[in-house]
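Listed here are the chains, written in short residue letters.
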Amino acid sequence: MKLRKIDISQSDLLMHQVSSLYHSGKSMKTCWKVHLNIKGQTGRMMLTWLLLVSLVCVTTQDGDGPENSVLQCGPENLTLSSSGQVIVLRWTEDDPSCSAVHDVLVYELVVLKPDVPTPVTGEVSVMPEQIGSSHSWSWRSSFALECFSHSVRIRSRYNKQASPWKQEDIHPGMEHLKTAGIYPKDALLERGSNFTFCCILPEGEIFNSAPTIRGLGSGSSESRQISNRSYAVTVHLTQASDRSSTCFHCTPPDHGACAYIGDPPQDKNLQCETRDLQSVECYWTAGRDYIVSHKSPTVYHLLGRECRKGGGELGMSGDQARWKMEVEIDVGEVNWTLTAVNGIGKVELLDRADLIKRVHMFAPKAVMASTINARNVTLEWEWTVQHYRNLKIRCQVKISHGDTHTIREYFGVGLSFTVLNDLIPYWKYNVTVRCATTPDLWKWSDWSTTVNFHTRGDVPDALDVWRQAAGDEVIILWKMPLANQSHGIIKDYRVTWEKTRSRGKEPQHATVHNNDSLSLSLDTAEEYIITVTARNENGSSPPSTITIPSFSPVSDGAERANGSWIVRSGGSFNLSWSPSPAASCGYIVDWCPSVGRCKAEWLKVAPNQTSARIFSENFTDGVRYLISVYACTQGAPLLLNTLEDYVRETRIKDKLFKSLKWKQQDSDVEVFWDRVNQREQSAFIQGYVLYWTEQDSNENFSVSTVNPEDTSLTATNLRISSYEFRVAALTAVGESGATYFTATLNPLTDNLVKPVLISLITVFGVLSVISVLCYKHWACIKQKVYPPVPEPVLTWPTSLGANRCRPLHVDHETEVLDVSELHYDSVPVAEDYVTEKPPASSQTPAGYYNQPLRRSIPAALTSLAIDTPASPFRSVFSNPSYDLLLQPGEQQSSLGSRLQEGTSSEGSFSEYQAQSNTQTFSFIETTEEPENLMSCVFTYIVVPKST
């Protein structure tokens, strides 16, 4: 121990140093022996101080144990470095006293910078087992380190005691530069963050508060002054640098700095698998690097193993990254961790998986068709990985022919072959295979190479047969088999037909080449069974049979479906109908244009379906089709319903109405037309419309009808003028088929001329016909209307017999006849002869009443006889006025009278003329036997009624 002599005058300084040492925490390894000369009261005071110093000495001597050694354990070998805006401080503990630390040793760090009034503080905790190793601490500045000087201080602290501060200065800054500058330069910055640049200006230069930023887009900035020549500019980095950097300027035109703006790694979606059960392959989606990849490429680590882009193990395809690494595959889940780091940041991806359940198989190799038949083929392949033979495998076989692709699946352990059944005979196929593990299906392998093969031929499939009635003939139709139905080259078709009631006999047959129909003239009173087969080099197809009934299915009494509905749909028909119990084998729908001859097309529908979509390449717009629905039965097909429709209605061509006629009725005009032929209708006619326009007028009038059966329309209340008329048909596509004509209306008086002329011509014609007929048949008419009057023949009877006029005997059905009057001159008679004068109104000569007289005519009077032509009445003469019938036995007397007016009795009777009232014949009386003479004048003869 050293002894040191201290003067009293130095006591204050000594106490100050002691206090400083105590409070500074420095170890005191020595104590000084103090010799004091105590003089008076002052000595006593100094004694007090001496006791205090002695106490301090004792305390420090007691501290030479572990506690006193910790204070000596502080940071040594300080090393300060920087990178961009990051300060890194490294140090160690070399003092042996640090080995006595048994608890956490804490290092306190302080960064001093002029822009922040309060220093930045940090701590590093060191565990006892870490004592003696290298330690480090980093700090990132919000400014570039070139902007101003930074200071770093460090000390250790243990059990509330600390070592002295140690300070290290770094980057004294660029404030001393005489030229302006902006820092940092060529910095790598994160997009979306706020970054502060600093501008150092020369002496006397003024700072621009709105610096120029090129390549940042709409980025905003804020500025503030740090020192006399330094300014801080904070910029919001909204846009990443693409092909060039982003540059900043404090004062134009120079003094700028450029930066590269980007993102931390954006990689995602990590998935790991195995293909050969000996290595792992990981896939993920790589992020966009922009220009950052050129400044700081992304570095990847998988399970701690580093791999850079461009290396042999890391591959890139677009934004997809792949990394393969040889590992030992074990059963169980493993954490597969991928870390991606660039100059801005890093990202860590994790995928937890059991690779035994993530086997991505390679494609099968050497695929071949080993055995080929008509309807099945054996397919074989090989595996390049021997471990596959022990796995449960699920394989898919894609079978392609033409535009048709089907996939079939097969299962098995180490599956390496399969049999493909239900193939089409005489058909070319393309086959490819892919496989995966099961039951944990992870991914399918790639498809294998394609294998082509051609199956062997077979007999054709059964034909699709139908029939069509065409007048007295029946057309048998069949669909020619497609390539996948013929199973070879079709040679011909054989059609046989026989009557149902004579089955068992040799049927009639016909062979058809290269055609799909045959017309037959069958007995309509018989039912026939038609059979059609197709033949190729392998044989004949199964027979297809259809029954032709002896009567039309339309006229039978079978029950029909309640209704059918049809909807047009894009060049086709969607048809539906009510089910029929008679449809034991399904339904048949056929269609054909409703006008003209055609060959029907048809479609067969299953029994459980009551709808169908009808499409044909032969469908034409504007053509009406007749669609029929039949029920397929065990016998003849049964017609259920018939519909008509267009695939698409089109506008009917103009001049549809070929024979328009019109008729004026007073002030109305009625227009007529013939019924429109269905052949000329390209749309359903729903009605008609008649337009008319008066000449030199723009006003239009119209009248219409919605009855398509109408054939006339009437324009009413027209004036006497010329009109233009137009007739059009109403359809779903609008008015169409317009036909024009012009008509001029006549005054009403002019309308009377025609009826009068017609009446006169009619009367004249009738009279002319009557005249001609009368002329040709005049003789007959004269005979009927005015028969000829025969001349009278007078014959006097020789004897009157019983001296009386006997009544005439005629048929009782004979009517009263008018006869010419026969008059005679009065002759004096005997005085016993009595005559009776007739009434004044009678045309009978005086003295004649057709009654018997009391006296007889004189015997000398000769009877009068008139010869007339024979009469059909035998005893009755045709004219009683002249033909007087006398009783037998009466004697004819000679004519003893003479004719009045000097007419001699010897005159010829051929000179007789009809008598007037003054002309009479007179009978000459004789005096002989006056009682036997009777005077008879016959004017009327009353036919006696039979009793």
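Residues numbered from 1 in each chain as written. Predicted model: local features only at pLDDT ≥ 70, side-chain atom pairs only at ≥ 80, totals over all residues. Heavy atoms only, no water.

Undergrad: Run through the overall build of the chain, naming residues and quoting values.
TA: Looking only at helices and strands, one finds 7 helices and 55 strands in the chain. When contacts within the chain are restricted to residue pairs at least 6 apart in sequence, those whose partners lie at least 24 apart make up 64%. Element-wise, carbon and sulfur atoms account for 50% of the exposed surface of the chain, whose accessible area totals about 53800 Å². (Helix = DSSP H or I, 4+ residues; strand = E, 2+ residues; numbered from the N terminus. Contact = heavy atoms within 4.5 Å. Areas by Shrake-Rupley, 256 points an atom, 1.4 Å probe, with all protein chains shown as cover.)

Undergrad: Please provide a residue-by-residue account of a nonpolar patch on the surface, values included.
TA: A cluster of nonpolar side chains, Val 763, Val 766, Leu 767 and Ile 770, forms an exposed patch at the surface whose accessible area comes to about 350 Å². Summarising the element assignment, Ile 770 is placed in helix α6 (residues 750-776). (Patch = residues over 30% accessible without salt bridge, like charges linked within 9 Å, V, L, I, M, F, W, Y side chains within 5 Å. Salt bridge = Lys/Arg side-chain N within 4 Å of Asp/Glu carboxyl O.)

Undergrad: So what about the side chain of Gln 468? Which residues, and what values?
TA: Checked against the element boundaries, Gln 468 lands in strand β32 (residues 465-470). Excluding anything up to four places from it in sequence, Gln 468 contacts Glu 473, Val 474, Ile 475, Leu 477, Cys 592, Cys 598, Lys 599 and Ala 600.

Undergrad: I'd like a rundown of the state of the cysteines, residues and numbers included.
TA: Using the criterion set out here, one finds 5 disulfides in the structure. Paired through a disulfide, Cys 73 and Cys 98 show a sulfur-sulfur distance of 1.7 Å. Residues Cys 73 and Cys 98 are joined through a disulfide that is right-handed, its torsion about the S-S bond being 115°. With a gap of 25 residues between them, Cys 73 in the loop between α3 (66-70) and β1 (76-83) and Cys 98 in the loop between β2 (86-92) and β3 (105-112) connect regions that are remote in the sequence. By relative accessible area, Cys 98 is classed as buried at 2%. Two residues share a disulfide in this structure: Cys 395 and Cys 435, whose sulfurs sit 2.0 Å from each other. Measuring handedness by torsion sign, the sulfur bridge of Cys 395 and Cys 435 sits at about 105° and is right-handed. Taken as a pair, Cys 395 in strand β27 (residues 392-401) and Cys 435 in strand β30 (residues 428-437) lie far apart in primary sequence, 40 residues in all. Judged by relative accessible area, which is 0%, Cys 395 ranks as buried. (Disulfide = S-S within 2.5 Å. Buried < 20%, exposed > 50% of the residue type's maximum accessible area, 1.4 Å probe, protein only.)

Undergrad: Give a detailed account of the pattern of salt bridges, specifying residues and quantitative values.
TA: A full pass over the atoms with the stated rule returns 24 salt bridges. For Glu 526, the salt bridge is made with Arg 501, and the minimal N-O distance between the two is 2.7 Å. With Glu 526 in the loop between β36 (517-520) and β37 (528-536) and Arg 501 in the loop between β34 (490-499) and β35 (508-512), this pair connects stretches of sequence that are 25 residues apart. Given the relative accessible area of 13%, Glu 526 is considered buried.

Undergrad: Can you tell me about the sheet that holds strand β5 (residues 135-140), naming the residues and giving the values?
TA: Here 3 strands make up an open sheet; going across it, the order is β1-β2-β5 and the pairing antiparallel. The outermost strands of the open sheet, each flanked by one partner alone, are β1 and β5. In this sheet, neighbouring strand axes are inclined to one another by 15° on average, regardless of whether the strands run parallel or antiparallel. Summarising the sheet, β2 and β5 pair through 6 bridges and their orientation is antiparallel. Paired with Val 86 across the two strands is Arg 140, which belongs to β5. (Pairing = 2+ DSSP bridges. Axes fitted to C-alpha atoms, helices over the stretch in contact; angles between N-to-C directions.)

Undergrad: So what's going on with the side chain of Ser 400? Which residues, and what values?
TA: Counting through the fold element by element, Ser 400 comes out in strand β27. Since its relative accessible area comes to 9%, Ser 400 is described here as buried. Of the polar contacts made by the side chain of Ser 400, one reaches the side chain of His 405; its length is 2.7 Å. Discounting residues that sit within four places of it in the chain, Ser 400 has contacts with His 405, Lys 428, Tyr 429 and Asn 430. (Polar contact = N/O pair within 3.5 Å; in protein donor to acceptor, adjacent residues only side chain to side chain.)

Undergrad: Now, about the sheet that holds strand β46 (residues 638-646): what can you tell me, with residues and values included?
TA: Judged by pairing direction, the sheet is antiparallel, and its 4 strands sit side by side in the order β43-β42-β45-β46 without closing on themselves. The open sheet terminates on both sides in strands that have one partner only, identified here as β43 (601-605) and β46. Sheet twist, expressed as the mean angle between neighbouring strand axes with direction ignored, is 20°. For strand β45 (residues 624-631) and β46, the ladder comprises 8 bridges, and the chain directions are antiparallel. For Ile 627, the partnering residue across the bridge sits in β46 and is Leu 643.

Undergrad: How would you explain the confidence of the model for the chain if you had to name every residue and give the values?
TA: Of all residues in the chain, 69% have pLDDT values of 70 or greater, and the mean over the chain is 75. Taken together, the stretch residues 1-44 has pLDDT below 50 and engages in 43 contacts with residues farther than four places along the chain or on a different chain. (pLDDT = per-residue confidence, 0-100.)

Undergrad: Got a sec to walk through the pairing of β34? Specific residues and values, please.
TA: Looking at chain direction, β34 and β37 are connected through 9 bridges and run antiparallel. If you follow Lys 499 over to β37, its bridge partner there is Tyr 528. Summarising the sheet, β34 and β35 pair through 5 bridges and their orientation is antiparallel. Across the sheet, residue Arg 494 finds its bridge partner in β35, namely Thr 511.

Undergrad: Account for the packing of aromatic side chains, with residues named and values stated.
TA: Applying the stated criterion across every chain yields a total of 18 aromatic pairs. A connected cluster of aromatic rings, assembled from ring pairs, spans Phe 573, Trp 591, Phe 619 and Tyr 625. Above the face of the Trp 447 ring, Lys 398 is positioned so that its terminal group lies 4.8 Å from the ring centre. (Phe/Tyr/Trp six-rings, centres within 6.5 Å; stacked < 30°, edge-to-face > 60°. Lys NZ or Arg CZ within 6 Å of the ring centre and 35° of its normal.)

Undergrad: Explain the pairing of strand β26 (residues 377-382) to me, using residue names and the numbers behind them.
TA: Examined bridge by bridge, strand β25 (residues 365-372) and β26 share 5 bridges and lie antiparallel to one another. In the strand pairing of β26, Met 368 is matched with Glu 380. The antiparallel hairpin formed by β25 and β26 contains 4 residues in its connecting segment. Bridge count for β26 against strand β29 (residues 417-420) is 4 bridges, and the pairing is antiparallel. Across the sheet, the residue bridging to Thr 378 is Val 419, located in β29.

Undergrad: Give a detailed account of the environment of Gly 318, specifying residues and quantitative values.
TA: Its location among the elements puts Gly 318 in the loop between β21 (314-317) and β22 (320-326). Between the alpha carbons of Gly 318 and Ala 286 there is a distance of 8.6 Å; along the sequence they are 32 residues apart.

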